[in-house]
Amino acid sequence: MLSIGLLAAMGAVTAVSAQTVEDIYVVKQAEGLPTVSVGGTVVPYKEVTLAAQLPGRVDYLAGIEGDAFDSGDLLVSLDASELKAKRQALLAQMATADAQLRNAGVQYSRELYSPRSRTSPGGMGVPNLFDQFFTRPMEDFIGDRDQDAELSADLFASSTQIQEARNAMMQLQAELRALDAKLRDARSIAPFDGVIVSKFIEVGDTVQPGQPLLTFADVEYLQVEVDVPARLRPGLREGAMLRAELDVPARPRSAADAMNDAGNVPVRVAQVYPMADPQRHTVKVKFDLPKGVSEPGMYAKVLVPDFNAPARVNPVVPRTAIRYNGSLPGVYVLDEEGNPHLRLIRVGEPTPNGGVTVLSGLRAGERILSNPGPGIATGWSQGDRSSR
């Protein structure tokens, strides 16, 4: 029995001696305001849903989900053969109205320089001359006819024809603009640089006004949309920098990133909505994410400071020092002889530098293994009851 105990002791000493000084971490104490982890969703900076503005058949679709396009590129086109035929007929009507307008102008000029009221009724020779020089002046003198009034009436009639022809042209031009607007609505253009997030139609489908065609978004710049409890609103202001935890980072983690906690990224408060939700009593807040760290639709947690809660002092340990036994977190604490003992702890919120706050189970000043290897196997530690 003595030899067995001696061998166990020698094994423990060997396990401890395998740990270098760099592997030993002295538990520190962190001060500051407590933070609340609030979950949200990664959303695109800009997102639009293009819908059909008129009935028709889809005859062109630019691509599928994930395809990128520049601003101004054609995304969806509907069959506009009937509208184009109506436009040609309308152009023919405009040509006719233009001819009528020009004819009315010519008739007005003729009436202005060669009035019909001063033209003889016809005939030849002496009767025509007698009627022109004696009969008409005598009728005007005795009041049977007024040539100036006739001239004014004829000019007014000619100017009315010009105005009617001009009004007809303006009406046709308005109809042409309305038709061009319909032709424009038959084409869905990319409003900005982005990608197709989802599409709801295929080439050959028949759509009706208001039916969604596709969703287009700018995924180069992403934001985290969070419904923050109203009591945390005083701790947020536009431009403030906070920390966020990404559920699945867009880039694969390397060994160095795993040590530095690549899922923890800085975020900036971009927009705080002016009104809270009257049912849920939350305020919608958007946070700007760094480029290339996530994808739309991913889950993220933002650490929001709680100014209403009293400041707490908790020990902080490296994330790599925590080992999970089933679902129970624990760390290896070194005793006075340098032997490691597993002790269960209760973890809190993460810190920006890759650490984790400990709510109970440890106290500042204790020594733990910062990155225990798989060969560490010791007994359980009872811990300091005063720290629980």
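Rules used in this analysis
Residues numbered from 1 in each chain as written. Predicted model: local features only at pLDDT ≥ 70, side-chain atom pairs only at ≥ 80, totals over all residues. Heavy atoms only, no water. Helix = DSSP H or I, 4+ residues; strand = E, 2+ residues; numbered from the N terminus. Buried < 20%, exposed > 50% of the residue type's maximum accessible area, 1.4 Å probe, protein only. Contact = heavy atoms within 4.5 Å. Areas by Shrake-Rupley, 256 points an atom, 1.4 Å probe, with all protein chains shown as cover. Pairing = 2+ DSSP bridges. Expected span 1.5 Å × (residues − 1). 1 Å grid on protein atoms, 1.4 Å probe; cavity = no way out; pocket = protein on both sides within 12 Å on 5 of 7 lines; lining within 4 Å. Points joined across faces, edges and corners; volume = space filled by probe spheres on them. Nonpolar A, V, L, I, M, F, W, Y, C, P; charged D, E, K, R; others polar. Salt bridge = Lys/Arg side-chain N within 4 Å of Asp/Glu carboxyl O. Phe/Tyr/Trp six-rings, centres within 6.5 Å; stacked < 30°, edge-to-face > 60°. Polar contact = N/O pair within 3.5 Å; in protein donor to acceptor, adjacent residues only side chain to side chain. Core = buried A, V, L, I, M, F, W, Y, C linked by side-chain atoms within 4.5 Å.

A. Molecular detail of the overall build of the protein. Secondary structure assignment for the protein yields five helices and 21 strands. Expressed as a percentage of the 388 residues in the protein, the buried residues total 35%. Contacts in the protein between residues far apart in sequence, at least 24 positions, make up 75% of those at least 6 positions apart. As displayed, the protein offers around 23,000 Å² of accessible surface, 55% of which is attributable to carbon and sulfur atoms.

B. Examining the sheet that holds strand β9 (residues 206–207) more closely. With respect to topology, four strands assemble into an open sheet ordered β7-β6-β4-β9, the strand pairing being antiparallel. Each having just a single partner strand, β7 (187–189) and β9 make up the two edges of the open sheet. As defined by bridge partners, strand β4 (residues 56–61) adjoins strand β6 (residues 74–78) across three bridges and the pair is classed as antiparallel. Across the sheet, the residue bridging to Tyr-60 is Ser-77, located in β6.

C. Structural context of the pairing of strand β10 (residues 212–229). Relative to β10, strand β3 (residues 35–51) runs antiparallel, the two being bridged by 11 bridges. Residue pairing for β10: Val-42 is matched across the bridge by Val-224. Where β10 meets strand β13 (residues 282–288), seven bridges bridge the pair, whose relative direction is antiparallel. Pairing of Val-224 across the sheet is with Phe-287, part of β13.

D. The arrangement of helix α2 (residues 81–113) in detail. With 33 residues, α2 extends 49 Å from end C-alpha to end C-alpha; this agrees with the ideal 48 Å at 1.5 Å per step. Looking at α2, one finds that the buried residues are Leu-83, Leu-90, Met-94, Ala-97, Ala-104 and Glu-111.

E. Inspection of empty space enclosed by the protein at higher detail. Using the criterion set out here, one finds one cavity of 30 Å³ or more in the structure. By volume, the largest cavity is sized at about 30 Å³. As for the largest cavity, its lining consists of Ala-51, Ala-52, Gln-53, Val-76, Ser-77, Leu-78, Asp-185, Ala-186, Arg-187, Ser-188 and Leu-213. Residue assignment for the lining of the largest cavity shows that the elements contributing at least two residues are β6 and β7. Considering every element that reaches the lining of the largest cavity, the biggest residue donor is β6, with three residues. A breakdown of the residues in the lining of the largest cavity according to their chemical character gives six nonpolar, three polar and two charged.

F. A look at unusual backbone geometry. The phi angle at His-281 is positive, at roughly 60°, despite the residue not being glycine. Inspection of the secondary structure puts His-281 in the loop between β12 (264–272) and β13. The exposure class of His-281 is exposed, given its relative accessible area of 53%.

G. Quick peek at the pattern of salt bridges. Evaluation of the coordinates by the stated rule reveals 15 salt bridges. When the shortest N-O distance is used, the salt bridge between Lys-286 and Glu-225 registers 4.0 Å. On the criterion of sequence distance, the pair formed by Lys-286 in strand β13 and Glu-225 in strand β10 is long-range, its members being 61 residues apart. Taking the relative accessible area as the measure of exposure, Glu-225 reaches 27% and is therefore partly exposed. Salt bridges sharing partners connect three or more residues here, namely Glu-225, Asp-227, Arg-280, Lys-284 and Lys-286.

H. Up close: the packing of aromatic side chains. Applying the stated rule across the entire model yields one aromatic pair. On the basis of an interplanar angle of 40° and a centroid distance of 5.5 Å, the ring pair of Phe-192 and Phe-216 is categorised as tilted. On the criterion of sequence distance, the pair formed by Phe-192 in the loop between β7 and β8 (194–199) and Phe-216 in strand β10 is long-range, its members being 24 residues apart.

I. Local environment of the side chain of Asp-288. Here Asp-288 shows up in strand β13. Among the polar contacts listed, one links the side chain of Asp-288 to the side chain of Gln-223, at a separation of 2.9 Å. When residues no more than four places from it in sequence are discounted, the contact partners of Asp-288 are Leu-222, Gln-223, Pro-266, Val-267, Arg-268 and Ala-270.

J. Spatial organisation of the nonpolar core. Ranked by size, the top nonpolar core spans 28 residues in total, and within it Leu-75, Val-76, Ile-201, Val-207, Leu-214 and Phe-216 carry the most contacts. Residue assignment for this core shows that the elements contributing at least two residues are β4, β6, α2, α4 (147–185) and β10. The element best represented in this core is α4, accounting for five residues. Discounting residues that sit within four places of it in the chain, Leu-75 has contacts with Leu-50, Tyr-60, Leu-61, Ala-62, Phe-69, Ser-188, Ile-189, Ala-190, Leu-214 and Phe-216. The next biggest cluster of nonpolar side chains, apart from the first, holds 24 residues, and it includes Val-224, Leu-232, Val-269 and Val-283.

K. View of the environment of Phe-192. On the basis of relative accessible area, Phe-192 is assigned to the buried category, the value being 10%. Sequence separation between Phe-192 and Asp-70 is 122 residues, and the spatial gap between their C-alpha atoms is 6.5 Å. Once you skip the residues sitting within four places of it in the chain, Phe-192 turns out to touch Lys-46, Glu-47, Val-48, Phe-69, Asp-70, Ser-71, Phe-216, Ala-217 and Asp-218.

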